[in-house]
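Summary of the model geometry
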Number of protein chains: 2
Amino acid sequence: MTHAIQVFAEYLNSKDLKLTKERRAVLQEIFLHPGHLEAEDLAHNLRKKRKRASRATIYRTLDLLVESGIVRKVDLGHEHSHYELELDNPHHEHMICLKCGKVLEFSDKAIERDLNRLCKRSGFEPSSHRFQIFGYCDRCRKAREQAV
Amino acid sequence: MTHAIQVFAEYLNSKDLKLTKERRAVLQEIFLHPGHLEAEDLAHNLRKKRKRASRATIYRTLDLLVESGIVRKVDLGHEHSHYELELDNPHHEHMICLKCGKVLEFSDKAIERDLNRLCKRSGFEPSSHRFQIFGYCDRCRKAREQAV
DNA sequence: CTCGCTATTGAGACTGAATCTCATTCTCAG
DNA sequence: CTGAGAATGAGATTCAGTCTCAATAGCGAG
Ligand SMILES: [Mn+2]
Ligand SMILES: [Mn+2]
Ligand SMILES: [Zn+2]
Ligand SMILES: [Zn+2]
C-alpha cells in the first residue's frame, strides 16, 4: 500500500498531475478489497465511508492507476470491466464459473511458450494476451451432477 | 449457404419460429461477407441493397443464428461484438493487430491440451474458452521497426 | 386459396457502462 | 501564501444492445 501510493505519486508527478484526496481514497479502497473489483463497487464502498467520489473521478482514477502499473484491467466476460492489483500480482489467466461467478486464477508456462511459438510462426509481435475459460467450478459442477 | 438456410429453417421450425425475409437476408449477407463482421456493418450492407432490416431485427437474428449453431459470437477486444460463421469453421483463437486491426486466426492442440489439464487439476469443468493475443502483425511490425 | 392464430417487425424509448462538458474547487511549486 | 493549472461533480452524452407495442406477415388448417 505505502509502496503503491509512492508509485502513484511518482507517476502523477512525472505527468504534472496531482495526488488528490479522491485519488488516494480510490487507491486505498482497492487495497481494502483485494480481488476482482468493478468501478461501481468502488463507488458504493466509498460512499458508505463518506469518501464519495463521482463516477467520472473513479473511472479517471482507475485509468491513471492502470497507466501507472498499479492496477490491471481484466475482462471476465461481463458487460463491464473488472480491475485487480498489478503490483506483486504476476500475470495470470482466469476460469470463470457460469453458475456462481467464482473466478479461479491460473498461469501456465507451457501456454506462454506455445503462444510465443505461434506468434513467431506468423510474424506477429505479441504485446499482451488474455485467456478465459468459462465453465463450472468444482462446487457448481458437483451440484449439477447431483441434479442429474 | 443452402445448407445453412436448411439448418436455420429446421432450427426455427423446431421452436415454432418463422423464416422471414429479414432473417433470410441477414443470413445471406453473412455469407456474402465472410470474416469477422459486426452488427452495424450488416445493417449498413443490407440498407445499400434495399433489404433494410431494423437494428432490433438484426440483433435478434444474430442471436438465433448463434443458437442454431450457424454463427459464432467472437470477442476481438472491441466495445462491440463480432460474429463469424460457425459452420465449416472449426474453433480457433485470434491475434489482433493493435495498429491496423487485422485479425489472424490460429488454433493449437497443445494449448487445448494444457487447458484441459489445468481445468482437471482445479476441478473446473470447461464449457468454452477464448484466447486473444494483442500485438502487431507482420506488416505493422516491420513498419514500426523502420520508424526506429 | 383463404383465414386467422401467432410470431415478427420497426420506430423509437430505454438501459448500463463509460466518457465528456464545464463551472467551481483544489493542489502544490515557488 | 498564492496563482496557474489540474481536478472535481452533476448531469449530459455516447454507444451497443435490448425492450415495447402497434401494425404486419408467415404458415398450417381447412
Ligand atoms: Mn485475476
Ligand atoms: Mn475467427
Ligand atoms: Zn461456481
Ligand atoms: Zn497490423
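Placed above this text is the structure.
So, here's what we can say about the structure. This one's a predicted model, so the numbers in the text were calculated from it and none came from an experiment.

The rules behind the values
Positions within a chain are numbered from 1, following the residues in the order the chain's sequence is written. Think of it this way: whatever chain is written first is A, whatever ligand is written first is 1, and the rest follow in order. In view of the model being predicted, local features appear only for residues whose pLDDT reaches at least 70, and side-chain atom pairs are presented and counted only at 80 or more, with totals across whole chains, interfaces and linings using the full set of residues. Derived side-chain values reflect all non-hydrogen atoms in the structure, with water molecules and hydrogen atoms excluded from consideration. Every residue pair with non-hydrogen atoms within 4.5 Å of one another is taken to be in contact. Simply put, the buried area is the total loss of 1.4 Å probe accessible area from both parts when two parts are fitted together. Salt bridges are counted wherever a side-chain nitrogen of Lys or Arg sits within 4 Å of a carboxyl oxygen of Asp or Glu. Side-chain atoms alone can form a polar contact between residues adjacent in sequence; in general such a contact is a pair of N or O atoms within 3.5 Å, and within protein one must be able to donate a hydrogen while the other accepts it. Strands here mean DSSP runs of E at least two residues long; helices mean DSSP runs of H or I at least four residues long; both are numbered from the N terminus. Under the scheme applied here, ten amino acids are nonpolar (Ala, Val, Leu, Ile, Met, Phe, Trp, Tyr, Cys and Pro), four are charged (Asp, Glu, Lys and Arg), and all others, including Gly, are polar. Listed donors are limited to N, O and S atoms within 2.8 Å of the metal, widened to 3.2 Å for Na, K and Ca; water is not among them, so incomplete-looking sites are possible. In these descriptions, tetrahedral denotes four donors with every angle between 85 and 135 degrees, square planar four donors and octahedral six donors with opposite donors over 155 degrees apart and the rest between 65 and 115, and irregular any other case. Burial status follows relative accessibility: with a 1.4 Å probe on protein chains alone, a residue under 20% of its type maximum counts as buried, one over 50% as exposed, and anything between as partly exposed. What counts as an axis is a line fitted to C-alpha atoms, over the stretch in contact for a helix, and the angles between N-to-C directions run from 0 to 180 degrees. Any angle that falls under 35 degrees is termed roughly parallel, while one over 145 is termed roughly antiparallel, one within 65 to 115 roughly perpendicular, and all others oblique. For any helix crossing, the convention is left-handed if the near helix is rotated counterclockwise from the far helix by under a right angle, and right-handed if that rotation is clockwise. Each Phe, Tyr or Trp ring, with Trp reduced to its six-membered ring, pairs with another whose centre is within 6.5 Å; inter-plane angles below 30 degrees give stacked pairs, above 60 give edge-to-face pairs, and intermediate values give tilted ones. Near is defined per residue: the residue qualifies when any heavy atom it owns lies within 4 Å of the molecule or strand.

Details of the interface of chain B and chain A
The interface is formed by 35 residues belonging to chain B together with 35 residues belonging to chain A. Buried surface at the junction of chain B and chain A, summed over both partners, amounts to about 2900 Å²; 60% is from carbon and sulfur atoms. When the buried area of chain B at its contact with chain A is split by residue, Phe124(B), Glu125(B) and Arg130(B) rank highest and sum to 22% of it. Across the chain B-chain A interface, the total number found is six salt bridges. Its salt-bridge partner being Arg144(B), residue Glu125(A) comes within 3.6 Å of it at the nearest N-O pair. Put simply, chain B and chain A have 16 residue pairs in polar contact (both at pLDDT 80 or more) between them. Considering each element in turn, the side of chain B that touches chain A owes the most residues, 12 residues, to strand β5 (residues 125–136) of chain B. Taken together, the residues of the side of chain B that touches chain A break down into 18 nonpolar, eight polar and nine charged.

Let's talk about the coordination of the zinc ion (ligand 4)
Ideal geometry at a metal centre gives angles of 109.5 degrees when four donors are arranged tetrahedrally and 90 or 180 degrees when six donors are arranged octahedrally. All names here are of chain B. Summarising the metal site, the zinc ion (ligand 4) is bound by the protein donors Cys97 (SG), Cys100 (SG), Cys137 (SG) and Cys140 (SG), whose distances to it range over 2.2 to 2.4 Å. In this structure, the zinc ion (ligand 4) is surrounded by four donor atoms whose angles at the metal cover 101 to 116 degrees, and the resulting shape is tetrahedral. Donor residues for the zinc ion (ligand 4), ordered by position in the chain, follow C-x2-C-x36-C-x2-C. Taken as a pair, Cys97 in strand β3 (residues 93–97) and Cys140 in helix α6 (residues 138–147) lie far apart in primary sequence, 43 residues in all. Overall, the relative accessible area of 2% leaves Cys97 in the buried class.

Some details on the coordination of the zinc ion (ligand 3)
Residue and element names in this part refer to chain A. Within the protein, the zinc ion (ligand 3) binds to Cys97 (SG), Cys100 (SG), Cys137 (SG) and Cys140 (SG); these donor distances fall in the range 2.2 to 2.4 Å. Here the zinc ion (ligand 3) is ringed by four donor atoms whose angles at the metal span 102 to 115 degrees, and the overall shape comes out tetrahedral. Within one chain, the residues serving as donors to the zinc ion (ligand 3) are arranged as C-x2-C-x36-C-x2-C. In this pair, Cys100 sits in the loop between β3 (93–97) and β4 (103–106) while Cys140 sits in helix α6 (residues 138–147), placing the two residues 40 residues apart along the sequence.

Let's talk about the packing of helix α5 (residues 109–122) of chain A against helix α5 (residues 109–122) of chain B
In contact at an axis separation of 10 Å, α5(A) and α5(B) are set at 165 degrees when each is read in the N-to-C sense. Taken as axis vectors, α5(A) and α5(B) run roughly antiparallel relative to one another. For α5(A) against α5(B), the interelement crossing comes out left-handed. When α5(A) is examined against α5(B), the residues Ala110(A), Ile111(A), Asp114(A), Arg117(A) and Leu118(A) are found in contact with a partner set consisting of Ala110(B), Ile111(B), Asp114(B), Arg117(B) and Leu118(B).

Here we look at the packing of aromatic side chains
By convention here, two paired aromatic rings are described through the distance between centres and the angle between planes. Under the definition given, this model contains three aromatic pairs over all chains. Ring geometry for Phe106(A) versus Phe131(A): centroids 6.1 Å apart, planes at 70 degrees, classification edge-to-face. Of this pair, Phe106(A) sits in strand β4 while Phe131(A) is found in strand β5 (residues 125–136), placing the two residues 25 residues apart along the sequence. The same class applies to Phe106(A) as to Phe131(A), namely buried. Each ring, one from Phe131(A) and one from Phe131(B), has its centre 4.7 Å from the other, and the planes form 20 degrees; the classification is stacked.

Let's talk about the protein's contact with DNA strand C
In the neighbourhood of DNA strand C, 21 residues make up the surrounding shell, with Lys18(A), Tyr59(A), Thr20(B), Arg23(B) and Thr57(B) lying closest. Backbone sugar and phosphate groups make up 71% of those atoms of DNA strand C lying within 4 Å of the protein. Between DNA strand C and Glu22(B) there is a distance of 3.4 Å, counted from a sugar or linking oxygen to a side-chain nitrogen or oxygen. Listed by contribution, the elements that provide at least two residues to the surface near DNA strand C are α4 (55–67) of chain A together with α2 (21–32) and α4 (55–67) of chain B. Of all the elements, α4(A) adds the most residues to the surface near DNA strand C, at four residues. A per-class count over the surface near DNA strand C returns five nonpolar, five polar and 11 charged.

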